[in-house]
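Working through the structure, step by step
Listed below are the residues making up each chain.
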Amino acid sequence: EAQVTQNPRYLITVTGKKLTVTCSQNMNHEYMSWYRQDPGLGLRQIYYSMNVEVTDKGDVPEGYKVSRKEKRNFPLILESPSPNQTSLYFCASKKTGLVNTGELFFGEGSRLTVL
Amino acid sequence: DAKTTQPNSMESNEEEPVHLPCNHSTISGTDYIHWYRQLPSQGPEYVIHGLTSNVNNRMASLAIAEDRKSSTLILHRATLRDAAVYYCILRDSNYGGSQGNLIFGKGTKLSVKP
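None of these values were measured; they are calculated from a predicted model.

1. Considerations on the environment of Val85(B)
Structurally, Val85(B) can be placed in strand E8 (residues 84-92). Residues Val85(B) and Tyr32(B), 53 residues apart in the sequence, show an inter-C-alpha distance of 20 Å.

2. Digging into the packing of aromatic side chains
Scanning the entire structure with this criterion turns up ten aromatic pairs over all chains. Note on Phe106(A) and Tyr36(B): the rings are 6.3 Å apart at their centroids and 80° apart in plane angle, and the pair reads as edge-to-face. Highlighted residues: Phe106(A) in strand E10 (residues 105-106) and Tyr36(B) in strand E3 (residues 31-38), drawn from two different chains. For the pair shown, Phe106(A) and Tyr36(B) are each scored as buried. Ring pairing ties together the aromatic residues Tyr35(A), Phe90(A), Phe106(A), Tyr36(B), Tyr46(B), Tyr87(B) and Phe104(B), which thus form one cluster.

3. Observations regarding the pattern of salt bridges
Counted under the stated rule, the structure contains eleven salt bridges over all chains. Close ionic contact of Glu30(A) with Lys71(A) constitutes a salt bridge, the shortest N to O distance being 3.9 Å. Here Glu30(A), found in the loop between strand E3 (19-25) and strand E4 (31-38), pairs with Lys71(A), found in the loop between strand E7 (65-66) and strand E8 (76-78); they are 41 residues apart in sequence, far enough to count as distant. The partly exposed category is assigned to Lys71(A), whose relative accessible area is 25%. For Arg37(B), the salt bridge identified is with Asp82(B), shortest N-O distance 2.8 Å. A residue pair is termed long-range when its members are at least 10 positions apart, and Arg37(B) in strand E3 and Asp82(B) in the loop between strand E7 (70-75) and E8 qualify at 45 residues. A single burial state applies to Arg37(B) and to Asp82(B), both of which are buried. Via salt bridges that share partners, Lys18(A), Lys65(A) and Glu79(A) belong to a single interconnected network.

4. Considering a nonpolar patch on the surface
Nonpolar side chains collect at one region of the surface, where Ile12(A), Val14(A) and Leu115(A) lie side by side and expose about 310 Å² of accessible area between them. Owing to a relative accessible area of 62%, Ile12(A) belongs among the exposed residues under this scheme.

5. Some thoughts on the nonpolar core
Most often, soluble globular proteins have nonpolar side chains that are buried together. Judged by nonpolar contacts, the single largest core of 21 residues is most densely connected at Leu20(B), Ile33(B), Trp35(B), Leu73(B), Leu75(B), Tyr86(B) and Leu110(B). Listing elements by their share of this core, those giving two or more residues are strand E2 (18-23), E3, strand E4 (45-50), strand E6 (61-64), E7, E8 and strand E9 (108-113) of chain B. The element that contributes the greatest number of residues to this core is E8(B), accounting for four residues. Not counting residues up to four positions away in its chain, the partners in contact with Leu75(B) are Glu16(B), Pro17(B), Val18(B), Met59(B), Ala60(B), Asp82(B), Tyr86(B) and Leu110(B). Counting 19 residues, the second largest nonpolar core, distinct from the first, contains Met27(A), Tyr47(A), Val66(A) and Tyr89(A).

The rules behind the values
Residues numbered from 1 in each chain as written. Chains lettered and ligands numbered in written order. Predicted model: local features only at pLDDT ≥ 70, side-chain atom pairs only at ≥ 80, totals over all residues. Heavy atoms only, no water. Helix = DSSP H or I, 4+ residues; strand = E, 2+ residues; numbered from the N terminus. Phe/Tyr/Trp six-rings, centres within 6.5 Å; stacked < 30°, edge-to-face > 60°. Buried < 20%, exposed > 50% of the residue type's maximum accessible area, 1.4 Å probe, protein only. Salt bridge = Lys/Arg side-chain N within 4 Å of Asp/Glu carboxyl O. Patch = residues over 30% accessible without salt bridge, like charges linked within 9 Å, V, L, I, M, F, W, Y side chains within 5 Å. Areas by Shrake-Rupley, 256 points an atom, 1.4 Å probe, with all protein chains shown as cover. Core = buried A, V, L, I, M, F, W, Y, C linked by side-chain atoms within 4.5 Å. Contact = heavy atoms within 4.5 Å.

Laid out in structure tokens, this is it:
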């Protein structure tokens, strides 16, 4: 089954304790992206990656890091989490290229609470 | 990226058609119009997209104005399961650069009454 898998789905952590949210897709998609969703603010893009070893900042990259060493994985790293990073996070992927349909596939979300 | 404007919320009755409007007066010639929806407690899912002509698929229809400055997502018979936030998004079709990016706004929250 084609899917985007995020882990963990739920996490409560404390300020300053490094954490990684993993994202994996099994569709051989070139493009992957991370969004955060907060009440009243909608979905905001954190980072995106056009392909392996190619990443770029989205609208709200501060406090986050990403890496794209393999095509299927795009982990989101919070080196020193703070309470304002408490949010619902979504990973997404899509195929790119001249024949792509433009459809973004989303994971089920990871709810992160930083105390 | 060109911006879109949608109503914050809309209501519909079950089994009636729903027309969700989207204004995008600054759309460029290479911008595709995409619609996604987000059901409660789920990630967004693709609904439909188009460039100039009206489009139909199993989920919905997309009607695009002749000047492309507005579009309408049509759900032909709303069900309770269609209650969601619907996002209208423009994406540049030019290959490379930010081609993959989809910038989500706040969308329209659709409520469906039984």
